[in-house]
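# Structural characterization, general
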Amino acid sequence: MNRRASNIFRRSGPQRSQRLVDATEGLEQARALDRAIRPISAAVRRTLRPGPVKDVLHGVPFGHPAHPPLTDVPMGCWISAAVLDLVPGTRRAAQVLVGAGLAAAVPAVLTGIADWSALHREQQRVGLVHAAGTATASMLYSASLLARHRGRDGAGRTLGFAGLTALMAGGYLGGHLAFRQAAGANHADQLAHLVPLGWHDLCQIEDLPDGWPVARSLGYISLFVLRTGEDVHVLADRCSHLAGPLHQGRVLTDDDAETCVVCPWHGSTFRVRDGSVIHGPATARQPAFETHVTNEGLIQVRPRG
Ligand code: FES
């Protein structure tokens, strides 16, 4: 390769990929999408009321979002179908995989809609285009299945490859949502690495209001603190869902007479005793602290093991 050609190669690769990143970041700020997002998210919130179904769709029983692993199934089916489409004599198997991918897309779509409805607006903008990409893929695969069923295998394969292209574009945006914008990640997990082992002085119990949550700092870490009589409950203040301030949340009692806090941003509900998730969209337990009150009324805390 001569020097001019190698210079072109060195410049064009990274520049092209940076343009892709810039365009994706531009989507985060694409306010034009908000006209569609507002009514759709309002409709989803109206339809999907807080309760067990919504919690399952978010993945609360599994301890992490259900959507990402569920997307693996249609993607796996459709990628496998594309491989088989290149292999002679595998027509029937490819057709089955296209159909299986369409069936597996249903739970992936439902869980994705539930998660999307409880995201920041910048995440929802990227999420909307991600959904448009995967919806286009599903439509193309539906047409592909129909064509295959009618014996038009060439058209079925072409539509399948077009669907795979749309799927890859949608999947790229899904990666941006998960890894750049941290949608679905646990936003409170780092606390375990930030608080040294052992007991730490927090504040005097007499300085805390009774029954009303407040924020207190442990060094540079913000904590949710709730005093109920002589009991003191301490959690990480940044909600594990998207880092909302729990100390601004509502305190209530759940069906088991346990005191809980409801995050003010998207309504995740945590038991203050141990930080466990009662309702999503959060799926990760809120880091909790053991508390101890000295004879002088000083509250000491240490991370719960
Ligand atoms: S930040 Fe979303 S529920 Fe707390």
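For the structure itself, consult the block above.
Below you will find a few notes about this structure. Per chain, residue numbering runs from 1 following the sequence as it is written. Two thresholds apply to this predicted model, a pLDDT of at least 70 for residue-level local features and 80 or more for giving and counting side-chain atom pairs, whereas whole-chain, interface and lining totals are computed over all residues. Water and hydrogen atoms were dropped before computing side-chain values, which therefore reflect all heavy atoms in the structure.

The next subject is the sheet that holds strand β3 (residues 221-228). Two strands form a pair only when DSSP identifies at least two bridges running between them. Elements are defined by DSSP. Helices are runs of H or I of four residues or more, strands are runs of E of two residues or more, and each kind is numbered from the N terminus. In spatial order, the strands read β1-β10-β9-β4-β3-β2; together these six strands make up an open sheet with antiparallel pairing. The open sheet has two free edges, formed respectively by β1 (200-204) and β2 (214-218), since each of these has just one partner strand. Across this sheet, the average inter-strand angle for adjacent strands is 35 degrees, counted without regard to direction. Inspection of the sheet shows strand β4 (residues 231-236) paired to strand β9 (residues 288-293) by two bridges, in the antiparallel sense. Counted as the bridge partner of Val 234 is Phe 289 from β9. Here an angle of 0 to 180 degrees is reported between the N-to-C directions of two axes, which are lines fitted to C-alpha atoms, with helices fitted over the stretch in contact.

This paragraph deals with the pattern of salt bridges. Think of a salt bridge as a Lys or Arg side-chain nitrogen and an Asp or Glu carboxyl oxygen that are within 4 Å of each other. If you walk through the whole model with that rule in mind, you get eight salt bridges. With its nearest N and O atoms 2.8 Å apart, the salt bridge here joins Asp 85 to Arg 148. Placement of the pair is Asp 85 in helix α4 (residues 67-85) and Arg 148 in helix α6 (residues 121-149), with a sequence separation of 63 residues. For Asp 274, the salt bridge goes to Arg 285, with nearest N and O atoms at 3.9 Å. Remark: Arg 285 occurs in the loop between β8 (277-279) and β9 and Asp 274 occurs in the loop between β7 (269-271) and β8; sequence separation between them is 11 residues. Accessibility expressed as a relative area gives 13% for Asp 274, which makes it buried. Each of Arg 271, Asp 274 and Arg 285 takes part in one network of salt bridges that share partners. Each residue is assigned to one of three classes by its accessible area relative to the maximum for its type, calculated with a 1.4 Å probe on protein chains only: buried under 20%, partly exposed between the two thresholds, exposed over 50%.

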